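Spelled out, the chains give:
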Protein chains: 2
Amino acid sequence: MSRARGRPRNPEADRAILQAALEVFIEGGVEGASIEQIAKRAGVGKLTVYRRWDSKEAVLAAAIETARDGIPEAPADLADLPVTTLVRKLLPGLAEAIAEPRLRAMIARIFGASVSHPELMATYWENYVVPRRRNTRALLERAQAEGTIAADADLDALIDMMVGAVLFRLVQPEPLDVAGATAYLESVYRQAGLL
Amino acid sequence: MSRARGRPRNPEADRAILQAALEVFIEGGVEGASIEQIAKRAGVGKLTVYRRWDSKEAVLAAAIETARDGIPEAPADLADLPVTTLVRKLLPGLAEAIAEPRLRAMIARIFGASVSHPELMATYWENYVVPRRRNTRALLERAQAEGTIAADADLDALIDMMVGAVLFRLVQPEPLDVAGATAYLESVYRQAGLL
């Protein structure tokens, strides 16, 4: 997705550029961002940016992809636990991730940009939403096998309802700390039949 | 919320300004909008806008409020029907509203602006989300009374899951026509226990 060019890379400059791009995007949205601004914030020349990415949209997509690294994966060795135990182990990491103001701001900006820049939403979708939906589906299927979720439940609808509720909470103006995020996730997971 | 000023009003110019403001907001978000652009699009002078609103944010908030008028209210005389019958009668109007590309774009832009302009999100919340949450709660309480939703269900969580799923669907890049919106709403309402 990042449409990186073939030139030799300078990892330190790349990191600075992607970091700057994310900040500029969060502050002003895609309409408020420019390569010039990103280069200035990163302390590099515009050409250094253009050598690696051919548009501000390409830099922003790469920055969104890179920000994904901060979100913890579910450890594979928990897979044999009962669903509620597994959910209890996963919730703290998830709560910490969604209480992060920069992640919330990034998601809000991606939603806003979906009108004019659907490719940023596509990058977000592929890197954040698809893996989360896959994990949620695995949990729901196990809960169905354990009998806490009805066998005829519409899992696609239920996944959208869970992911939608959480994303919806993220763009609400009320502050969200880790304790609030934990309580919110617990109420949604419980209502879904996972706790 | 609109912070209208005390000067005599020209309803026709007001309508043109609010319409232009919504278009400009949808096209470029709050960062891409300016009073100058709104006045030009509406075919009035900048001063005509400033006589009624003191900032672009105030015009945008008024435009968001006004766009609410296109969304149908639940008719009061349906109140005695069983919940599933009532939901069947409400769904077509709701599906038409959410399949409207301008409403989808407006909501996406409001989400995006929530980072820098939480007051626009507050206007949206008050005018769109609060009434929809109230209606959804009334339906869920009646479904609880009829026994199709568990007496100990967490209605706040369930409302967020329903509203969240629908809003989440609205900002996804895939097109949504009235038939698709109807099918989507049916799956969510059914999974929630309302159909």
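As the structure is a computational prediction, the values presented were derived from the model and not from experiment.

All names here are of chain A. Domain boundaries assigned for chain A yield domain 1 (11–66) and domain 2 (71–192). Once you take the C-alpha centre of each, domain 1 and domain 2 turn out to be 28 Å apart. The interface is formed by 15 residues belonging to domain 1 together with 14 residues belonging to domain 2. Around 1300 Å² of area is buried between domain 1 and domain 2 when both sides are counted, 67% of it from carbon and sulfur atoms. It is Phe25, Ile26 and Ile64 that lose the most area in domain 1 upon contact with domain 2, and together they represent 45% of the buried surface on that side. Linking domain 1 with domain 2 are five residue pairs in polar contact (both at pLDDT 80 or more), by the criterion used here. Contributions of two or more residues to the side of domain 1 that touches domain 2 are made by α1 (11–28) and α4 (56–67). Across the side of domain 1 that touches domain 2, the residue classes tally to seven nonpolar, three polar and five charged.

This part is about the relation of the copies chain A and chain B. For the pair chain A and chain B, the relating rotation is 180°, the translation along its axis is 0.0 Å, and the fit reaches an RMSD of 0.0 Å. Taken together, the rotation and translation relating the two chain copies correspond to the operation of a two-fold axis. Ranked by how close their C-alpha atoms come to the rotation axis, the residues of chain A are headed by glycine 112 of chain A, at 1.8 Å. The share of interface residues of chain A whose copies in chain B are also at the interface is 100%, consistent with both copies meeting through the same surface.

A separate point is the interface of chain A and chain B. Accessible area lost during the coming together of the parts is what is often quoted as the interface size. In this assembly, 38 residues from chain A lie in contact with 38 residues from chain B. Interface area, chain A with chain B, both sides summed: about 3000 Å², of which 71% is carbon and sulfur. Its largest share of buried area at the contact with chain B, chain A owes to Met161, Phe168 and Gln191 of chain A, together 24% of the area lost on that side. Where chain A touches chain B, the interface holds two salt bridges. In this structure, arginine 109 of chain B and glutamate 31 of chain A form a salt bridge, with 3.1 Å as the shortest nitrogen-oxygen distance. Across the contact surface, chain A and chain B share 12 residue pairs in polar contact (both at pLDDT 80 or more). Among the elements of the structure, α1, α6 (101–113), α7 (118–146), α8 (155–170) and α9 (178–192) of chain A are those that each provide at least two residues to the side of chain A that touches chain B. The dominant element in the side of chain A that touches chain B, judged by the number of residues it contributes, is α8 of chain A, at 10 residues.

Reading the values: the criteria
- Residues numbered from 1 in each chain as written.
- Chains lettered and ligands numbered in written order.
- Predicted model: local features only at pLDDT ≥ 70, side-chain atom pairs only at ≥ 80, totals over all residues.
- Heavy atoms only, no water.
- Domains from an automatic or database assignment.
- Contact = heavy atoms within 4.5 Å.
- Buried area = accessible area lost by both parts, 1.4 Å probe.
- Polar contact = N/O pair within 3.5 Å; in protein donor to acceptor, adjacent residues only side chain to side chain.
- Helix = DSSP H or I, 4+ residues; strand = E, 2+ residues; numbered from the N terminus.
- Nonpolar A, V, L, I, M, F, W, Y, C, P; charged D, E, K, R; others polar.
- Least-squares fit on C-alpha atoms with pLDDT ≥ 70 in both.
- Salt bridge = Lys/Arg side-chain N within 4 Å of Asp/Glu carboxyl O.

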